[in-house]
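Here are the chains, one letter per residue:
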Amino acid sequence: MRAVWGVLAEVPDPEIPVISIVDLGIVRTVTAEPPRVTITPTYTGCPATQAIERAIRNALDQAGFTDVAVATAISPPWSTDWISNEGRQKLRAFGIAPPPRGDGRGRLTEERPAVCPHCGSEETEEISRFGSTPCKALWRCRSCAEPFDQFKCH
Amino acid sequence: MTATSESLLVPFALRLGDDALILGQRLGEWCGHAPTIEVDLALTNLSLDLIGQATLFLDYAGKLEGKGRDADRLAFRRDAVDFTNCLLVEQPNGDFAQTIARQFLYSTWQQLYLNALADSADDTLAAAAVKCVKEVAYHARFAAEWVVRLGDGTEESHRRMSAGLDWMSRFVDELFEMEEADRALLAAGAGVDKAALRPAWDAEVARVLKEAMLEALPQRRTLTGGRLGRHTEHLGHILSEMQFLQRAYPDAVW
Ligand SMILES: [Zn+2]
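Let me sum up the structure you'll find in this document. Per chain, residue numbering runs from 1 following the sequence as it is written. Whichever chain is written first is A, and whichever ligand is written first is 1; the rest continue in order. With the structure being a predicted model, the display of local features is reserved for residues of pLDDT at least 70 and the display and counting of side-chain atom pairs for 80 or more, all residues being used for whole-chain, interface and lining totals. Based on all heavy atoms of the structure, the side-chain values leave hydrogens and waters out of the count.

### What to know about a nonpolar patch on the surface
Like-charged residues are merged into a patch within 9 Å and nonpolar side chains (Val, Leu, Ile, Met, Phe, Trp, Tyr) within 5 Å, provided each residue has over 30% relative accessible area and no salt bridge. Accessible surface is estimated by sampling points in the Shrake-Rupley manner with a 1.4 Å probe; for residues, cover comes only from the protein chains shown. A pairing counts as a salt bridge when a side-chain nitrogen of Lys or Arg comes within 4 Å of a carboxyl oxygen of Asp or Glu. Where nonpolar side chains cluster on the molecular surface, the patch consists of B:Phe244, B:Leu245 and B:Tyr249 and spans about 350 Å² of accessible area. Numbered from the N terminus, helices here are DSSP runs of H or I no shorter than four residues, and strands are runs of E no shorter than two. Along the polypeptide, B:Leu245 turns up in helix H11 (residues 244-248).

### Some details on the sheet that holds strand E5 (residues 124-128) of chain A
Note: strands within a sheet are paired through backbone hydrogen bonds, in either parallel or antiparallel orientation. Residue and element names in this part refer to chain A. In this description, strands pair whenever DSSP reports at least two bridges between them. Taken in spatial order, the 4 strands line up as E4-E7-E6-E5 in an open sheet, and their pairing is mixed. Edge positions in the sheet fall to strand E4 (96-97) and E5, since each of these pairs with one other strand and no more. In terms of strand pairing, strand E6 (residues 136-141) meets strand E7 (residues 147-151) through 5 bridges, oriented antiparallel. Following the sheet pairing, Lys136 is matched in E7 by Phe151.

### Re the packing of aromatic side chains
All names here are of chain B. What counts as a ring pair is set by centres within 6.5 Å for rings of Phe, Tyr and Trp (its six-membered ring), and what kind of pair is set by the plane angle: stacked under 30 degrees, edge-to-face over 60, tilted for all other angles. Inspection of the entire model under this criterion finds 7 aromatic pairs over all chains. Ring geometry for Tyr106 against Trp109: centres 5.4 Å apart, planes inclined by 45 degrees, an arrangement best described as tilted. Of this pair, Tyr106 and Trp109 are both found in helix H5 (residues 96-117), 3 residues apart, which corresponds to roughly one turn of the helix. Considered together, Tyr106 and Trp109 belong to a single accessibility category, that of buried residues. Aromatic pair Phe176 and Trp201: ring centres 5.4 Å apart, planes at 70 degrees, arrangement edge-to-face. Of this pair, Phe176 sits in the loop between helix H7 (155-168) and helix H8 (180-187) while Trp201 sits in helix H9 (residues 198-211); the two residues are 25 residues apart in sequence, bridging distant segments of the chain. Trp201 carries the same exposure label as Phe176, and that label is buried. Note on exposure labels: buried denotes an accessible area under 20% of the residue type's maximum, exposed denotes more than 50%, and partly exposed covers the range between, all computed with a 1.4 Å probe on protein chains only.

### Let's talk about the interface of chain A and chain B
Contacts are assigned to residue pairs that have any heavy atoms within 4.5 Å of one another. In this complex, chain A contributes 26 residues to the contact, which on the side of chain B involves 24 residues. Here chain A meets chain B over a buried area of about 2,400 Å², counting both sides, of which 62% is carbon and sulfur. Between the two partners, chain A and chain B, sit 1 salt bridge. One salt bridge connects B:Glu145 with A:Arg129, and the closest N-O pair in it is separated by 3.3 Å. Within 3.5 Å is the distance limit for a polar contact, defined as a pair of N or O atoms, with the added protein rule that one can donate a hydrogen and the other accept it, and that residues adjacent in sequence qualify only through two side-chain atoms. Summed over the shared surface of chain A and chain B, the number is 9 residue pairs in polar contact (both at pLDDT 80 or more). Three categories are distinguished: nonpolar for Ala, Val, Leu, Ile, Met, Phe, Trp, Tyr, Cys and Pro, charged for Asp, Glu, Lys and Arg, and polar for the others, with Gly belonging to the last. Of the residues in the side of chain A that touches chain B, the class split is 11 nonpolar, 10 polar and 5 charged. Joining two parts hides part of their accessible area as seen by a 1.4 Å probe, and the buried area is that hidden amount summed over both.

### Quick look at the pairing of strand E2 (residues 36-39) of chain A
Residue and element names in this part refer to chain A. Sheet topology places strand E1 (residues 27-31) next to E2; 4 bridges connect them, and they run antiparallel. Paired with Val30 across the two strands is Val37, which belongs to E2. Linking two consecutive strands that pair antiparallel, namely E1 and E2, is a turn of 4 residues. For E2 and strand E3 (residues 69-72), the ladder comprises 4 bridges, and the chain directions are parallel. Along E3, the bridge assignment pairs Val37 with Val70.

Following this line, the structure appears as C-alpha coordinates:
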(Lines give C-alpha, C1' and ligand atoms only; values in the text may rest on other atoms or scores of the structure.)
Protein backbone atom coordinates (compact mmCIF):
# COMPACT_ATOMS: atom_id res chain seq x y z
CA MET A 1 0.00 0.00 0.00
CA ARG A 2 3.02 2.24 0.35
CA ALA A 3 3.30 2.07 -3.44
CA VAL A 4 -0.29 3.36 -3.71
CA TRP A 5 0.60 6.31 -1.45
CA GLY A 6 3.53 6.96 -3.80
CA VAL A 7 1.19 7.13 -6.80
CA LEU A 8 -1.21 9.45 -4.97
CA ALA A 9 1.62 11.76 -3.94
CA GLU A 10 2.16 12.45 -7.64
CA VAL A 11 -1.48 13.43 -8.31
CA PRO A 12 -1.71 17.25 -8.33
CA ASP A 13 -4.65 19.21 -6.98
CA PRO A 14 -6.50 20.38 -10.12
CA GLU A 15 -6.94 23.94 -8.85
CA ILE A 16 -3.54 24.41 -7.20
CA PRO A 17 -1.31 22.06 -9.20
CA VAL A 18 1.84 22.85 -7.19
CA ILE A 19 0.57 20.74 -4.34
CA SER A 20 -0.46 17.11 -4.42
CA ILE A 21 -3.71 15.71 -3.11
CA VAL A 22 -1.69 14.02 -0.35
CA ASP A 23 -0.17 17.36 0.72
CA LEU A 24 -3.66 18.85 0.71
CA GLY A 25 -4.78 16.19 3.19
CA ILE A 26 -7.74 14.94 1.20
CA VAL A 27 -6.50 11.34 0.98
CA ARG A 28 -7.94 9.93 4.16
CA THR A 29 -6.98 6.25 4.13
CA VAL A 30 -5.42 3.64 1.91
CA THR A 31 -6.37 0.09 2.84
CA ALA A 32 -5.22 -3.26 1.50
CA GLU A 33 -8.26 -5.30 2.57
CA PRO A 34 -10.30 -4.36 0.65
CA PRO A 35 -7.95 -2.47 -1.69
CA ARG A 36 -9.38 1.01 -1.40
CA VAL A 37 -8.41 4.68 -1.37
CA THR A 38 -10.76 6.92 0.62
CA ILE A 39 -10.76 10.64 -0.11
CA THR A 40 -12.71 13.53 1.41
CA PRO A 41 -13.97 16.70 -0.28
CA THR A 42 -12.62 20.06 0.87
CA TYR A 43 -15.95 21.85 0.39
CA THR A 44 -19.25 20.08 -0.28
CA GLY A 45 -19.72 21.96 -3.54
CA CYS A 46 -16.10 21.85 -4.65
CA PRO A 47 -16.26 21.14 -8.39
CA ALA A 48 -12.72 19.76 -8.25
CA THR A 49 -13.82 16.72 -6.25
CA GLN A 50 -15.01 14.84 -9.32
CA ALA A 51 -11.90 15.83 -11.27
CA ILE A 52 -9.76 14.55 -8.39
CA GLU A 53 -11.59 11.22 -8.34
CA ARG A 54 -10.98 10.82 -12.07
CA ALA A 55 -7.32 11.80 -11.74
CA ILE A 56 -6.79 9.24 -8.98
CA ARG A 57 -8.55 6.56 -11.00
CA ASN A 58 -6.33 7.30 -14.01
CA ALA A 59 -3.11 7.40 -11.97
CA LEU A 60 -3.90 4.11 -10.22
CA ASP A 61 -4.85 2.42 -13.49
CA GLN A 62 -1.65 3.57 -15.17
CA ALA A 63 0.43 2.31 -12.25
CA GLY A 64 -1.25 -1.08 -12.52
CA PHE A 65 -3.51 -0.81 -9.46
CA THR A 66 -6.67 -1.46 -11.42
CA ASP A 67 -8.25 -3.39 -8.52
CA VAL A 68 -8.03 -0.47 -6.07
CA ALA A 69 -11.40 1.22 -5.49
CA VAL A 70 -11.83 4.95 -4.85
CA ALA A 71 -14.40 5.96 -2.22
CA THR A 72 -15.47 9.29 -0.71
CA ALA A 73 -16.18 9.97 2.97
CA ILE A 74 -17.28 13.24 4.56
CA SER A 75 -16.73 12.39 8.22
CA PRO A 76 -14.69 13.61 10.00
CA PRO A 77 -14.82 16.75 7.85
CA TRP A 78 -11.69 17.92 6.09
CA SER A 79 -9.79 20.66 7.86
CA THR A 80 -7.00 22.93 6.64
CA ASP A 81 -5.00 21.54 9.58
CA TRP A 82 -4.60 18.41 7.47
CA ILE A 83 -2.45 20.25 4.93
CA SER A 84 1.10 18.96 5.38
CA ASN A 85 4.01 21.22 6.32
CA GLU A 86 5.50 20.57 2.91
CA GLY A 87 2.16 21.51 1.37
CA ARG A 88 2.11 24.78 3.31
CA GLN A 89 5.61 25.64 2.07
CA LYS A 90 4.63 24.87 -1.51
CA LEU A 91 1.54 27.07 -1.23
CA ARG A 92 3.65 29.97 0.04
CA ALA A 93 6.20 29.52 -2.75
CA PHE A 94 3.31 29.58 -5.24
CA GLY A 95 2.09 32.94 -3.87
CA ILE A 96 -0.77 31.64 -1.72
CA ALA A 97 -0.70 32.39 2.00
CA PRO A 98 -1.21 29.09 3.85
CA PRO A 99 -4.19 28.93 6.23
CA PRO A 100 -3.80 29.81 9.89
CA ARG A 101 -3.59 26.73 12.07
CA GLY A 102 -6.54 25.78 14.26
CA ASP A 103 -9.99 24.41 13.57
CA GLY A 104 -11.88 26.71 11.21
CA ARG A 105 -15.11 26.31 13.09
CA GLY A 106 -13.65 27.81 16.23
CA ARG A 107 -11.33 30.28 14.58
CA LEU A 108 -13.75 32.23 12.45
CA THR A 109 -14.04 35.20 14.76
CA GLU A 110 -10.41 35.84 15.68
CA GLU A 111 -8.48 35.85 12.46
CA ARG A 112 -5.01 37.28 12.35
CA PRO A 113 -3.78 39.08 9.24
CA ALA A 114 -2.47 36.78 6.55
CA VAL A 115 1.28 36.96 6.00
CA CYS A 116 2.12 38.25 2.52
CA PRO A 117 3.61 35.32 0.55
CA HIS A 118 5.62 37.78 -1.58
CA CYS A 119 7.41 39.92 1.01
CA GLY A 120 6.54 38.36 4.39
CA SER A 121 4.79 41.47 5.68
CA GLU A 122 1.91 41.24 8.15
CA GLU A 123 0.63 44.63 7.03
CA THR A 124 -2.13 43.07 4.99
CA GLU A 125 -5.88 43.47 4.57
CA GLU A 126 -8.68 41.21 3.45
CA ILE A 127 -10.37 42.35 0.24
CA SER A 128 -12.92 39.56 -0.03
CA ARG A 129 -13.53 36.46 2.05
CA PHE A 130 -14.62 34.67 -1.10
CA GLY A 131 -12.02 34.30 -3.81
CA SER A 132 -11.40 32.53 -7.09
CA THR A 133 -12.17 29.09 -5.61
CA PRO A 134 -14.22 28.07 -2.55
CA CYS A 135 -11.08 27.46 -0.50
CA LYS A 136 -9.46 30.86 -1.00
CA ALA A 137 -9.92 34.45 0.18
CA LEU A 138 -8.54 37.53 -1.54
CA TRP A 139 -6.04 39.73 0.34
CA ARG A 140 -3.79 42.70 -0.40
CA CYS A 141 -0.40 43.55 1.03
CA ARG A 142 0.02 47.14 2.20
CA SER A 143 3.82 46.83 2.23
CA CYS A 144 4.47 45.62 -1.31
CA ALA A 145 1.00 46.48 -2.71
CA GLU A 146 0.58 43.03 -4.27
CA PRO A 147 -2.75 41.23 -4.08
CA PHE A 148 -2.62 37.59 -3.06
CA ASP A 149 -4.81 34.57 -2.29
CA GLN A 150 -5.08 33.15 1.18
CA PHE A 151 -6.07 29.56 1.75
CA LYS A 152 -9.03 30.00 4.12
CA CYS A 153 -9.05 28.37 7.51
CA HIS A 154 -11.64 25.62 7.41
CA MET B 1 -33.09 3.49 13.83
CA THR B 2 -36.34 1.64 13.44
CA ALA B 3 -37.99 1.13 10.06
CA THR B 4 -40.57 3.80 10.93
CA SER B 5 -38.05 6.48 11.66
CA GLU B 6 -36.12 5.54 8.54
CA SER B 7 -39.19 6.25 6.44
CA LEU B 8 -39.48 9.60 8.24
CA LEU B 9 -35.89 10.39 7.33
CA VAL B 10 -36.74 10.58 3.62
CA PRO B 11 -38.93 13.71 3.84
CA PHE B 12 -36.58 15.10 6.49
CA ALA B 13 -33.52 14.84 4.24
CA LEU B 14 -35.55 16.10 1.27
CA ARG B 15 -36.47 19.27 3.12
CA LEU B 16 -32.83 19.99 3.93
CA GLY B 17 -31.79 19.27 0.36
CA ASP B 18 -34.59 21.36 -1.15
CA ASP B 19 -33.78 24.40 1.01
CA ALA B 20 -30.15 24.29 -0.05
CA LEU B 21 -30.92 23.61 -3.70
CA ILE B 22 -33.44 26.43 -4.15
CA LEU B 23 -31.38 29.00 -2.25
CA GLY B 24 -28.28 27.93 -4.20
CA GLN B 25 -30.19 28.35 -7.46
CA ARG B 26 -31.43 31.78 -6.40
CA LEU B 27 -27.91 32.95 -5.53
CA GLY B 28 -26.64 31.63 -8.84
CA GLU B 29 -28.91 34.16 -10.57
CA TRP B 30 -26.52 36.85 -9.33
CA CYS B 31 -23.62 35.47 -11.35
CA GLY B 32 -22.39 38.32 -13.51
CA HIS B 33 -24.89 40.81 -12.04
CA ALA B 34 -23.61 41.61 -8.54
CA PRO B 35 -22.61 45.18 -7.59
CA THR B 36 -18.89 44.37 -7.51
CA ILE B 37 -16.67 41.50 -8.63
CA GLU B 38 -15.95 40.54 -5.01
CA VAL B 39 -19.65 40.32 -4.19
CA ASP B 40 -20.24 38.38 -7.40
CA LEU B 41 -17.63 35.84 -6.32
CA ALA B 42 -19.01 35.69 -2.80
CA LEU B 43 -22.60 35.05 -3.85
CA THR B 44 -21.62 32.36 -6.33
CA ASN B 45 -19.34 30.76 -3.73
CA LEU B 46 -22.30 30.60 -1.36
CA SER B 47 -24.36 29.15 -4.18
CA LEU B 48 -21.77 26.49 -4.84
CA ASP B 49 -21.60 25.51 -1.16
CA LEU B 50 -25.38 25.23 -1.00
CA ILE B 51 -25.63 23.12 -4.15
CA GLY B 52 -22.96 20.82 -2.72
CA GLN B 53 -24.99 20.55 0.48
CA ALA B 54 -28.14 19.86 -1.52
CA THR B 55 -26.35 17.01 -3.29
CA LEU B 56 -25.42 15.43 0.05
CA PHE B 57 -28.95 15.56 1.46
CA LEU B 58 -30.81 14.68 -1.74
CA ASP B 59 -28.54 11.72 -2.47
CA TYR B 60 -29.21 10.48 1.05
CA ALA B 61 -32.97 10.94 0.67
CA GLY B 62 -32.87 9.04 -2.62
CA LYS B 63 -30.85 6.22 -1.13
CA LEU B 64 -33.24 5.82 1.83
CA GLU B 65 -36.22 5.98 -0.47
CA GLY B 66 -34.81 3.05 -2.45
CA LYS B 67 -36.41 3.89 -5.80
CA GLY B 68 -33.15 4.52 -7.60
CA ARG B 69 -33.47 8.32 -7.57
CA ASP B 70 -30.24 10.25 -7.03
CA ALA B 71 -29.78 13.96 -6.28
CA ASP B 72 -29.99 14.95 -9.97
CA ARG B 73 -33.17 13.01 -10.50
CA LEU B 74 -34.76 14.55 -7.40
CA ALA B 75 -33.65 18.05 -8.39
CA PHE B 76 -34.63 17.98 -12.04
CA ARG B 77 -37.60 15.66 -12.30
CA ARG B 78 -39.95 16.64 -9.49
CA ASP B 79 -42.81 19.13 -9.71
CA ALA B 80 -43.26 22.19 -7.52
CA VAL B 81 -45.78 20.45 -5.24
CA ASP B 82 -43.16 17.80 -4.42
CA PHE B 83 -40.61 20.37 -3.27
CA THR B 84 -40.61 20.95 0.49
CA ASN B 85 -38.24 23.89 0.80
CA CYS B 86 -39.33 26.75 3.05
CA LEU B 87 -40.91 29.77 1.38
CA LEU B 88 -38.07 32.05 2.47
CA VAL B 89 -35.46 30.54 0.15
CA GLU B 90 -37.64 30.81 -2.98
CA GLN B 91 -38.29 34.54 -2.52
CA PRO B 92 -36.97 36.66 -5.38
CA ASN B 93 -33.52 38.21 -5.17
CA GLY B 94 -34.93 41.74 -5.53
CA ASP B 95 -32.10 44.21 -5.08
CA PHE B 96 -28.85 43.31 -3.34
CA ALA B 97 -30.24 44.33 0.05
CA GLN B 98 -33.23 42.01 -0.34
CA THR B 99 -30.89 39.14 -1.22
CA ILE B 100 -28.77 39.92 1.84
CA ALA B 101 -31.88 40.04 4.04
CA ARG B 102 -32.91 36.57 2.89
CA GLN B 103 -29.39 35.24 3.36
CA PHE B 104 -29.00 36.75 6.80
CA LEU B 105 -32.28 35.35 8.13
CA TYR B 106 -31.71 31.93 6.58
CA SER B 107 -27.99 31.42 7.28
CA THR B 108 -28.43 32.47 10.90
CA TRP B 109 -31.14 29.83 11.22
CA GLN B 110 -29.22 27.22 9.21
CA GLN B 111 -26.13 27.58 11.38
CA LEU B 112 -28.14 26.95 14.56
CA TYR B 113 -30.03 24.14 12.90
CA LEU B 114 -26.96 22.30 11.62
CA ASN B 115 -25.18 22.68 14.95
CA ALA B 116 -28.13 20.90 16.55
CA LEU B 117 -28.31 18.29 13.77
CA ALA B 118 -24.65 17.46 14.41
CA ASP B 119 -25.86 15.58 17.51
CA SER B 120 -28.36 13.50 15.51
CA ALA B 121 -28.57 9.77 16.22
CA ASP B 122 -28.49 9.29 12.44
CA ASP B 123 -24.80 9.08 11.57
CA THR B 124 -25.16 10.25 7.97
CA LEU B 125 -27.16 13.34 8.89
CA ALA B 126 -24.81 14.15 11.75
CA ALA B 127 -21.74 13.86 9.50
CA ALA B 128 -23.34 16.01 6.80
CA ALA B 129 -24.29 18.63 9.40
CA VAL B 130 -20.75 18.85 10.77
CA LYS B 131 -19.40 19.20 7.23
CA CYS B 132 -21.92 21.84 6.13
CA VAL B 133 -21.90 24.01 9.24
CA LYS B 134 -18.28 24.96 8.61
CA GLU B 135 -19.37 26.50 5.31
CA VAL B 136 -22.54 28.06 6.68
CA ALA B 137 -20.60 29.86 9.42
CA TYR B 138 -18.96 31.87 6.61
CA HIS B 139 -22.34 32.55 4.98
CA ALA B 140 -23.89 33.82 8.21
CA ARG B 141 -20.97 36.10 8.88
CA PHE B 142 -20.88 37.43 5.32
CA ALA B 143 -24.59 38.25 5.41
CA ALA B 144 -24.47 39.83 8.89
CA GLU B 145 -21.57 42.07 7.87
CA TRP B 146 -23.52 43.32 4.87
CA VAL B 147 -26.65 43.93 6.94
CA VAL B 148 -24.55 46.20 9.15
CA ARG B 149 -22.82 47.88 6.23
CA LEU B 150 -26.07 48.64 4.41
CA GLY B 151 -28.14 49.40 7.50
CA ASP B 152 -25.52 51.73 8.94
CA GLY B 153 -24.59 53.15 5.53
CA THR B 154 -26.32 55.86 3.54
CA GLU B 155 -29.95 56.87 3.81
CA GLU B 156 -30.61 54.96 0.59
CA SER B 157 -28.85 51.74 1.67
CA HIS B 158 -30.62 51.91 5.04
CA ARG B 159 -33.99 52.26 3.32
CA ARG B 160 -33.28 49.33 1.03
CA MET B 161 -32.02 47.08 3.82
CA SER B 162 -35.17 47.84 5.82
CA ALA B 163 -37.35 47.08 2.81
CA GLY B 164 -35.54 43.80 2.18
CA LEU B 165 -36.00 42.65 5.77
CA ASP B 166 -39.60 43.78 5.63
CA TRP B 167 -40.26 41.55 2.60
CA MET B 168 -38.53 38.51 4.05
CA SER B 169 -39.87 38.78 7.61
CA ARG B 170 -43.18 37.13 6.69
CA PHE B 171 -41.40 33.84 5.99
CA VAL B 172 -39.45 33.54 9.23
CA ASP B 173 -41.95 31.66 11.40
CA GLU B 174 -42.00 28.73 9.00
CA LEU B 175 -38.35 28.02 9.80
CA PHE B 176 -39.28 27.13 13.37
CA GLU B 177 -42.50 25.19 12.71
CA MET B 178 -42.45 21.56 13.79
CA GLU B 179 -44.09 19.15 11.35
CA GLU B 180 -45.29 15.71 12.36
CA ALA B 181 -42.16 14.08 10.93
CA ASP B 182 -40.01 16.55 12.87
CA ARG B 183 -41.62 15.58 16.16
CA ALA B 184 -41.38 11.85 15.47
CA LEU B 185 -37.73 12.09 14.47
CA LEU B 186 -36.96 14.26 17.45
CA ALA B 187 -38.46 11.60 19.70
CA ALA B 188 -36.20 9.05 17.99
CA GLY B 189 -33.14 11.22 18.70
CA ALA B 190 -32.46 11.95 15.04
CA GLY B 191 -34.29 15.25 14.54
CA VAL B 192 -33.93 18.83 15.65
CA ASP B 193 -36.17 20.78 18.01
CA LYS B 194 -36.63 23.76 15.73
CA ALA B 195 -38.86 25.65 18.13
CA ALA B 196 -36.04 25.54 20.68
CA LEU B 197 -33.72 27.37 18.26
CA ARG B 198 -35.91 30.48 18.25
CA PRO B 199 -34.49 32.34 21.28
CA ALA B 200 -30.90 32.06 20.03
CA TRP B 201 -32.00 33.13 16.54
CA ASP B 202 -33.98 36.09 17.88
CA ALA B 203 -31.00 37.18 19.97
CA GLU B 204 -28.52 37.01 17.08
CA VAL B 205 -30.85 38.81 14.67
CA ALA B 206 -31.56 41.51 17.26
CA ARG B 207 -27.84 41.95 17.93
CA VAL B 208 -27.02 42.48 14.25
CA LEU B 209 -30.01 44.74 13.55
CA LYS B 210 -29.07 46.92 16.50
CA GLU B 211 -25.50 47.24 15.27
CA ALA B 212 -26.91 48.06 11.81
CA MET B 213 -29.09 50.84 13.27
CA LEU B 214 -32.14 49.01 11.93
CA GLU B 215 -35.56 48.55 13.52
CA ALA B 216 -36.55 45.13 14.86
CA LEU B 217 -38.25 42.85 12.33
CA PRO B 218 -41.83 43.97 11.69
CA GLN B 219 -44.69 41.85 13.00
CA ARG B 220 -46.57 40.72 9.95
CA ARG B 221 -49.04 38.04 9.03
CA THR B 222 -46.97 34.91 8.64
CA LEU B 223 -46.95 32.87 5.44
CA THR B 224 -46.17 29.16 5.58
CA GLY B 225 -46.84 26.01 3.55
CA GLY B 226 -43.59 25.34 1.74
CA ARG B 227 -42.85 22.26 3.84
CA LEU B 228 -46.18 20.84 2.66
CA GLY B 229 -45.55 21.63 -0.99
CA ARG B 230 -47.71 24.78 -1.04
CA HIS B 231 -45.41 27.35 -2.58
CA THR B 232 -45.48 30.95 -3.68
CA GLU B 233 -45.65 31.51 -7.43
CA HIS B 234 -41.89 32.09 -7.47
CA LEU B 235 -40.92 28.43 -7.17
CA GLY B 236 -42.50 27.47 -10.50
CA HIS B 237 -40.39 30.08 -12.27
CA ILE B 238 -37.22 28.84 -10.59
CA LEU B 239 -37.96 25.25 -11.59
CA SER B 240 -38.90 26.10 -15.18
CA GLU B 241 -35.42 27.49 -15.69
CA MET B 242 -33.52 24.99 -13.53
CA GLN B 243 -35.25 21.91 -14.91
CA PHE B 244 -35.57 22.96 -18.56
CA LEU B 245 -32.82 20.78 -19.97
CA GLN B 246 -33.80 17.58 -18.18
CA ARG B 247 -37.46 18.17 -19.00
CA ALA B 248 -36.77 18.79 -22.69
CA TYR B 249 -34.14 16.06 -23.02
CA PRO B 250 -34.80 13.51 -20.27
CA ASP B 251 -31.67 11.70 -19.06
CA ALA B 252 -29.39 13.83 -21.22
CA VAL B 253 -25.77 13.62 -20.11
CA TRP B 254 -22.70 15.68 -20.94
ZN1 LIG C 1 3.87 41.99 0.47
